[in-house]
Amino acid sequence: MDVDAALLDPDDPSRRFEAMAWLRAHDPVHRIGGDGGPVYLASHAAVAEALPRIDCFGGGVGAADVHPDLQSLNGVPEPRHGRIRKIVNGMIGPHKAGAVRPFLETLCAERLDAIDSAGAEPVDAMAEYIDYVPSSAICFLTGWDATDARQLYRWTVEVCEQAMRMKPGNSGTIAELVPAFGDYVEERIAARLSLPVSAWPDDGMTRLLTTEVEGERLSPTAVKTQLLFLLGAGSETSRDMMGLLLYQLAADPELYARVRANRALLAPATLEALRLCSPTQFMVRRCEYETEIAGRSIARGDNVYLGLAAANRDEEVFVDADYFRLGRPNAADHLAFGGGPHVCPGSFLVRLETRIAFGALLDRYERIELVEEGPFEPLRTPMFYGPASLPLRFVRAP
């Protein structure tokens, strides 16, 4: 097996997982392409060692090569990262995200009504239900019309496809990768700025425009950069994890019945879906100074792939790691949200979205059925993992 090719195979997740397993066993700190190539961390221990070291592993590919106003949150170095992160926490953290509950409850009911209108015909549960939930939630919290949510998700997919074509040293920003997305956000920022400040709503855009960072407000360009990142990051990863959880419930009628009867099981089911799915398969960081991980040298300037999916299927940590196990005692040790000071700020929001979306579904349907047995059709990208589509039959409860 060509391990390097399999790791970045956009079409076949099973090849990627096989390559990850080989690396964990034989080369957990691996040079892709040999000497001088980027480093891939494949074991739970190696990834967990690197994640908290934000001083050493910072930014993404190209993040250090652009103006600070063009660095999205995942690429902003400290201490500026922490200051912008406080604004983001104020937008999507637990004390704020709870406000989205009534909106999502209404949205989910409307989408399930639309599914019911199809009668007994199979429905693509991703396109008709799951795709709407995280993208609409982030629209609500940042200040966008939720009717644009599906378009935002489509742009996010396009950003991911374009980003995978980037090479080290490429400084392409989200707005450059998908100009229509950038224009959309820029127009709405301009519309907000044209209003008197007293007329600005209390939403994420206003928070970004008015909160000072390093003694001054963010520029409209910096606000645009962070909004582009949040609108994208708030859509893709949540959507993929929920898709995998829905697939697991449809493929295992007994599991669906257990969770339906005892909603307390939804929380551990979500943890296990996050571990097994690892919607973000890896993150790319740049090494800022010469160091070691798991006893292996990493040079200053090396690009480092933090293999979240590889870590989350490490048999040294998770027994039967390639299988969904409800109630796994250490499922919370997953690294799907990253770890350390830069752990994903949207982790609470993801869990809230899942509780609402699956609560509505479990209330309404006695069972859900796969239209075809076997694996789901996966996304065609090595960076994310989840169903591209998921045809299901929904059977109403009496």
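Residues numbered from 1 in each chain as written. Predicted model: local features only at pLDDT ≥ 70, side-chain atom pairs only at ≥ 80, totals over all residues. Heavy atoms only, no water.

1. Here's the deal with the overall build of the protein chain
Then step 1. Along the backbone of the protein chain there are 17 helices and 14 strands.
Then step 2. Projected onto the principal axes, the alpha-carbon positions of the protein chain cover approximately 60 × 60 × 35 Å.
Then step 3. Burial status across the protein chain gives 54% buried among its 398 residues.
Then step 4. In the protein chain, once contacts between residues fewer than 6 apart in sequence are set aside, the share between residues at least 24 apart is 71%.
Then step 5. For the protein chain, the accessible area works out to roughly 16,700 Å², and carbon and sulfur atoms hold 51% of it. (Helix = DSSP H or I, 4+ residues; strand = E, 2+ residues; numbered from the N terminus. Buried < 20%, exposed > 50% of the residue type's maximum accessible area, 1.4 Å probe, protein only. Contact = heavy atoms within 4.5 Å. Areas by Shrake-Rupley, 256 points an atom, 1.4 Å probe, with all protein chains shown as cover.)

2. Section: the sheet that holds strand S1 (residues 29-31)
Then step 1. The sheet built from five strands is open, its strands ordered S1-S2-S10-S7-S3 with mixed pairing. Both outer strands of the open sheet, S1 and strand S3 (57-58), are each paired with one neighbouring strand and no more.
Then step 2. In the sheet, strand S7 (residues 283-287) pairs with strand S10 (residues 303-306) via four bridges, with the strands oriented antiparallel. By the bridge assignment for S10, methionine 283 is matched with leucine 306. (Pairing = 2+ DSSP bridges.)

3. Some details on the sheet that holds strand S4 (residues 123-124)
Then step 1. An order of S4-S14-S11 is seen for the three strands of this open sheet, with the pairing classed as antiparallel. Each of the sheet's edge strands pairs with one partner strand only, and the pair in question is S4 and strand S11 (365-370).
Then step 2. Where S11 meets strand S14 (residues 391-396), five bridges bridge the pair, whose relative direction is antiparallel. Counterpart to arginine 367 in the pairing with S14 is valine 395.
Then step 3. The sheet strands contacting helix H6 (residues 101-116) are S4, S11 and S14, and the helix crosses S11 at an angle near 65 degrees. (Axes fitted to C-alpha atoms, helices over the stretch in contact; angles between N-to-C directions.)

4. Digging into the packing of aromatic side chains
Then step 1. Tallying each qualifying case throughout the model produces 10 aromatic pairs.
Then step 2. The interplanar angle of 20 degrees and the centroid separation of 5.4 Å between the aromatic rings of tryptophan 155 and phenylalanine 181 together place this pair among those described as stacked. Taken together, the positions of tryptophan 155 in helix H9 (residues 149-163) and phenylalanine 181 in helix H11 (residues 179-193) put the pair 26 residues apart, joining distant regions of the chain. The pair tryptophan 155 / phenylalanine 181 is uniform in exposure class, with both members buried.
Then step 3. Sitting over the ring of tyrosine 132, arginine 150 keeps its end group 5.0 Å from the ring centre.
Then step 4. Between arginine 275 and the ring centre of phenylalanine 318, over which it is positioned, the NZ or CZ distance is 5.3 Å. (Phe/Tyr/Trp six-rings, centres within 6.5 Å; stacked < 30°, edge-to-face > 60°. Lys NZ or Arg CZ within 6 Å of the ring centre and 35° of its normal.)

5. Structural notes on unusual backbone geometry
Then step 1. Omega for the bond connecting glutamate 78 with proline 79 falls within 30 degrees of zero, at 5 degrees, which places this linkage in the cis form.
Then step 2. Mapped onto the elements of the fold, proline 79 is located in the loop between S3 and helix H4 (80-92).
Then step 3. Unusually for a residue other than glycine, serine 278 sits at a positive phi of about 40 degrees.
Then step 4. Relative to the assigned elements, serine 278 resides in the loop between helix H15 (266-277) and S7.
Then step 5. One non-glycine residue, aspartate 320, adopts positive backbone phi at about 50 degrees.
Then step 6. Relative to the helices and strands, aspartate 320 is located in the loop between helix H16 (308-312) and helix H17 (347-364).

6. A look at the packing of helix H8 (residues 132-142) against helix H13 (residues 220-251)
Then step 1. Close contact between H8 and H13 brings their axes to 7 Å; oriented N to C, the two are set at 150 degrees. Our classification of the angle between H8 and H13 gives roughly antiparallel. The two elements H8 and H13 meet at a crossing, and its hand is right-handed. Residues Val133, Pro134, Ser135, Ile138 and Thr142 of H8 lie in contact with H13, whose contacting residues are Leu227, Leu230, Leu231, Gly234, Ser235, Ser238, Arg239 and Met242.
Then step 2. For the contact of H8 with H13, the per-class residue count stands at seven nonpolar, five polar and one charged. (Parallel < 35°, antiparallel > 145°, perpendicular 65-115°, else oblique. Left-handed = near helix turned anticlockwise from the far one by under 90°. Nonpolar A, V, L, I, M, F, W, Y, C, P; charged D, E, K, R; others polar.)

7. Describing the nonpolar core
Across soluble globular proteins, nonpolar side chains show a tendency to be buried alongside one another.
Then step 1. Counting residues in each nonpolar core, the largest one holds 109 residues, and the members touching the most others are Tyr40, Phe181, Val185, Leu246, Ile368, Leu392 and Phe394.
Then step 2. If one sorts the elements of this core by residue count, H13 sits on top with 15 residues.
Then step 3. The residues touching tyrosine 40, leaving out its near neighbours within four places in the chain, are Leu7, Met20, Leu23, Pro28, Val29, His30, Ile32, Tyr305, Gly307 and Ala310.
Then step 4. Membership of the second largest hydrophobic core comes to 18 residues, among which are Ala46, Cys56, Met283 and Ile293. (Core = buried A, V, L, I, M, F, W, Y, C linked by side-chain atoms within 4.5 Å.)

8. Quick look at the side chain of serine 278
Then step 1. Residue class for serine 278 comes out buried when judged on its relative accessible area of 0%.
Then step 2. Apart from residues no more than four positions distant in its own chain, serine 278 is found in contact with Ala273, Leu308, Ala309, Asn312, Ala336 and Tyr385.

9. Thoughts on the environment of cysteine 277
Then step 1. Along the chain, cysteine 277 turns up in helix H15.
Then step 2. Relative accessible area serves as the criterion here: at 0%, cysteine 277 is assigned to the buried category.
Then step 3. Expressed as a C-alpha distance, the spacing of cysteine 277 and leucine 244, which sit 33 residues apart in the sequence, is 6.5 Å.
Then step 4. Excluding residues that lie within four positions of it along the chain, cysteine 277 makes contacts with Asp240, Met241, Leu244 and Tyr385.

10. What about the packing of H13 against helix H14 (residues 253-261)?
Then step 1. Between H13 and H14, the shortest axis-to-axis distance is 5 Å and the interhelical angle comes to 110 degrees. Taken together, H13 and H14 sit at an angle that is classed as roughly perpendicular. Packed against H13, whose contacting residues are Gln248, Leu249, Ala250 and Ala251, the element H14 presents Pro253, Leu255, Tyr256 and Val259 at the interface.
Then step 2. When the residues that make up the contact of H13 with H14 are grouped by side-chain class, the tally is seven nonpolar, one polar and no charged.

11. With respect to the pattern of salt bridges
Then step 1. A full pass over the atoms with the stated rule returns 21 salt bridges.
Then step 2. The closest approach of N and O atoms between arginine 31 and aspartate 302, which form a salt bridge, is 2.7 Å. On the criterion of sequence distance, the pair formed by arginine 31 in strand S1 and aspartate 302 in the loop between strand S9 (296-298) and S10 is long-range, its members being 271 residues apart.
Then step 3. Of the residues examined, aspartate 302 reaches a relative accessible area of 11% and is grouped as buried.
Then step 4. Between aspartate 240 and arginine 239 there is a salt bridge, with its nearest N and O atoms 3.0 Å apart. The pair formed by aspartate 240 and arginine 239 is uniform in burial state, with each residue classed as buried. (Salt bridge = Lys/Arg side-chain N within 4 Å of Asp/Glu carboxyl O.)

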